[in-house]
Amino acid sequence: MKVLFLGTPDFSAVVLRALAARYEVTAVVTNPDRPAGRGHKTRPSAASVAADELGIPVFKFASVSREGLGEVRSLGADIAVTAAFGQILSEEFISAFPKGVLNVHASLLPRLRGASPVQWAILGGDEVTGVTIMRTVKALDAGDILLSESTRIGEDETAGELMDRLAVMGGELICRALALVESGEAVFTPQDDAAATYCHTISKAEGGMDFTRSATELERFVRGMTPSPSAYFYLNGKRIKVLAAKRCEMTGAPGEVIAADIKRGLIVGCGGGSVRLTRIMPEGKGAMNDTDWLRGNAVAAGSRAE
């Protein structure tokens with residue numbers, strides 16, 4: 001069975017490698033190269049890099065449904081697989097594959113349809129999430145489900161760490177799904193639309209820490225925003241990213257710096273309890289522990305974190 005793969009970020013690359021180890025991937029479709037990193041140099045997507053390493057042809061389209069339908073059809077793929085592709089596929093595109101299009105989605109559908117399910121699972125305090133393999137339809141993540149697998153979210157797990165685990169699960173699950181399709185044993189189950197929830201793409205502007213929220217919520221917020229788009233706050237006019245935080249029992253006004261020393265670390269009051277900002281990235285510097293930063297930066301107790 002010939003497979004066309006469509007994907008873009010690291011999650012896609014992991015799924016692609018698992019898929020290519022067991023099936024003939026005729027080509028990979030991904031988004032055009034884009035600026036990335038501090039230098040804003042144009043770089044290929046992670047899926048493109050993986051395809052090159054695997055010796056698989058790569059096609060780059062801003063909209064494959066508008067620009068690449070003819071080229072895709074000429075490949076003669078039996079089925080298409082998408083994983084974090086980031087483009088809406090037209091009905092004409094979907095109908096180009098005799099065995100349809102399957103999507104690898106990083107949540108337990110119908111919960112968290114949309115672009116950032118991993119981040120939102122952590123932000124929402126979910127204890128369990130997973131991966132769903134579903135049939136792609138024009139409506140957002142609404143297709144019938146073929147397979148799903150769940151996993152518990154670690155107490156200290158960040159969105160990036162969870163994404164890595166779900167990518168491996170997704171690669172294994174899509175291979176099982178394709179085996180079912182190939183053997184004619186695939187059974188699809190409609191989603192319960194009434195139970196559906198949705199999540200939007202999280203912007204950098206949404207990373208600001210609101211210290212009126214509880215310590216539990218803020219600890220979760222930092223995990224959900226790490227590594228991207230990152231949680232942050234301002235102290236003495238300087239923006240500081242927060243890469244890890246830990247709930248504390250100390251109390252103080254929301255946003256009040258309760259402690260700032262190498263013994264206790266950087267602790268800020270919240271709407272309920274407080275958080276120690278254990279790993280930070282000060283403006284213009286690399287990531288470091290709060291105590292290392294405090295050795296060279298005096299912060300007065302009572303200062304305001306905003």
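In this text, all values refer to a predicted model and were calculated from it rather than measured experimentally. (Residues numbered from 1 in each chain as written. Predicted model: local features only at pLDDT ≥ 70, side-chain atom pairs only at ≥ 80, totals over all residues. Heavy atoms only, no water.)

A.B. asks: Would you explain the packing of helix α1 (residues 10–20) against helix α2 (residues 46–54) in this entry?
C.D. replies: Geometry of a packed helix pair, given as the angle between the helix axes and the separation of the axes. One can describe the packing of α1 onto α2 by two numbers: an axis separation of 7 Å at closest approach and a directional angle of 25°. By the angle class used here, α1 and α2 are roughly parallel. Judged by the sense of rotation from one axis to the other, the crossing of α1 with α2 is right-handed. Contact with α1, carried on its side by Asp-10, Ser-12, Ala-13, Leu-16, Arg-17 and Ala-20, involves Ala-46, Ala-47, Ala-50, Ala-51, Glu-53 and Leu-54 of α2 and no other residues of that element. Split by residue class, the contact of α1 with α2 holds eight nonpolar, one polar and three charged. (Axes fitted to C-alpha atoms, helices over the stretch in contact; angles between N-to-C directions. Helix = DSSP H or I, 4+ residues; strand = E, 2+ residues; numbered from the N terminus. Parallel < 35°, antiparallel > 145°, perpendicular 65-115°, else oblique. Left-handed = near helix turned anticlockwise from the far one by under 90°. Contact = heavy atoms within 4.5 Å. Nonpolar A, V, L, I, M, F, W, Y, C, P; charged D, E, K, R; others polar.)

A.B. asks: Looking at this structure, how should I read a negative patch on the surface?
C.D. replies: On the surface, a cluster of negative charge is made up of Asp-10, Glu-155, Asp-156, Glu-161 and Asp-164. Residue placement: Asp-10 occurs in helix α1. (Patch = residues over 30% accessible without salt bridge, like charges linked within 9 Å, V, L, I, M, F, W, Y side chains within 5 Å. Areas by Shrake-Rupley, 256 points an atom, 1.4 Å probe, with all protein chains shown as cover. Salt bridge = Lys/Arg side-chain N within 4 Å of Asp/Glu carboxyl O. Lys, Arg positive; Asp, Glu negative; His and termini not counted. Charge placed at Lys NZ, Arg CZ, Asp CG, Glu CD.)

A.B. asks: Hey, could you run me through the UniProt feature "domain: Formyl transferase C-terminal" (unreviewed entry) in the protein chain in this one?
C.D. replies: Under the present numbering, the feature "domain: Formyl transferase C-terminal" (unreviewed entry) in UniProt falls on residues 202–297. The straight-line gap between the two end C-alpha atoms of residues 202–297 is 31 Å; of that span, 18% is helix and 39% is strand. (UniProt positions renumbered as here; feature names shortened; annotations may be inferred.)

A.B. asks: Sorry if this is basic, but what is going on with the nonpolar core here?
C.D. replies: Nonpolar side chains tend toward joint burial in soluble globular proteins. With 41 residues, the main nonpolar core has Phe-5, Leu-19, Leu-102, Val-104, Ile-133, Ile-174 and Leu-178 as its most contacted residues. When sequence neighbours within four positions are dropped, the list of residues in contact with Ile-133 reads Leu-102, Asn-103, Val-104, Asp-144, Ile-145, Leu-146, Leu-147, Leu-173, Ile-174 and Ala-177. Ile-202, Leu-277, Met-288 and Trp-293 belong to the second largest nonpolar core, which has 27 residues in total. (Core = buried A, V, L, I, M, F, W, Y, C linked by side-chain atoms within 4.5 Å. Buried < 20%, exposed > 50% of the residue type's maximum accessible area, 1.4 Å probe, protein only.)

A.B. asks: Sorry if this is basic, but what is going on with the pairing of strand β12 (residues 231–235) here?
C.D. replies: Successive residues of a regular strand alternate their side chains across the two faces of the sheet. Counting buried positions along β12 gives four out of five residues, so the element sits mostly inside the fold. Direction of pairing for β12 relative to strand β13 (residues 238–248): antiparallel, over a ladder of five bridges. Following the sheet pairing, Phe-233 is matched in β13 by Ile-240. Linking β12 back to β13 in an antiparallel pair, the connection comprises two residues, with Asn-236 at a positive phi of about 55°. (Pairing = 2+ DSSP bridges.)

A.B. asks: Which parts of the structure should I look at to understand the side chain of Arg-113?
C.D. replies: Inspection of the secondary structure puts Arg-113 in strand β8 (residues 113–114). For Arg-113, the side chain forms a polar contact with the side chain of Tyr-198, separated by 2.9 Å. Not counting chain neighbours up to four residues away, the residues in contact with Arg-113 comprise His-105, Leu-140, Asp-141, Ala-142, Gln-191, Asp-193, Ala-196, Thr-197, Tyr-198 and Cys-199. (Polar contact = N/O pair within 3.5 Å; in protein donor to acceptor, adjacent residues only side chain to side chain.)

A.B. asks: Can you help me understand unusual backbone geometry in this one?
C.D. replies: Omega for the peptide link from Leu-109 to Pro-110 comes to 15°, which places this bond in the cis form. Checked against the element boundaries, Pro-110 lands in the loop between β7 (101–105) and β8. The peptide bond linking Thr-226 to Pro-227 adopts the cis configuration, its omega dihedral lying at 10°. Phi at Asp-141 takes a positive value of approximately 50°, unusual for a residue other than glycine. Looking at the secondary structure, you find Asp-141 in the loop between β9 (128–135) and β10 (145–152). On the accessibility criterion, Asp-141 (10% relative accessible area) is buried.

A.B. asks: Even after reading the chapter, I still don't get the packing of α1 against helix α7 (residues 159–183), so can you show me in this structure?
C.D. replies: α7 packs onto α1 with a crossing angle of 35° between their chain directions and a minimal axis gap of 8 Å. The handedness of the crossing between α1 and α7 comes out as right-handed. Contacts between α1 and α7 pair Phe-11, Val-14, Val-15, Ala-18 and Leu-19 from the former with Met-163, Leu-166, Ala-167, Val-168, Gly-170, Gly-171, Ile-174, Cys-175 and Leu-178 from the latter.

A.B. asks: Would you mind going over the sheet that holds strand β1 (residues 2–7) with me for this structure?
C.D. replies: One key point about sheets: their strands pair by backbone hydrogen bonds, in either a parallel or an antiparallel sense. Taken together, seven strands build an open sheet; the order of strands is β5-β2-β1-β6-β7-β9-β10 and the sheet is mixed. For this open sheet the edge positions go to β5 (58–60) and β10, each flanked by a neighbour on one side alone. Averaged over all pairs of adjacent strands, the angle between strand axes in this sheet comes to 20°, irrespective of strand direction. In terms of strand pairing, β1 meets strand β2 (residues 24–30) through five bridges, oriented parallel. Residue pairing across strands places Val-3 opposite Val-25, the latter belonging to β2.

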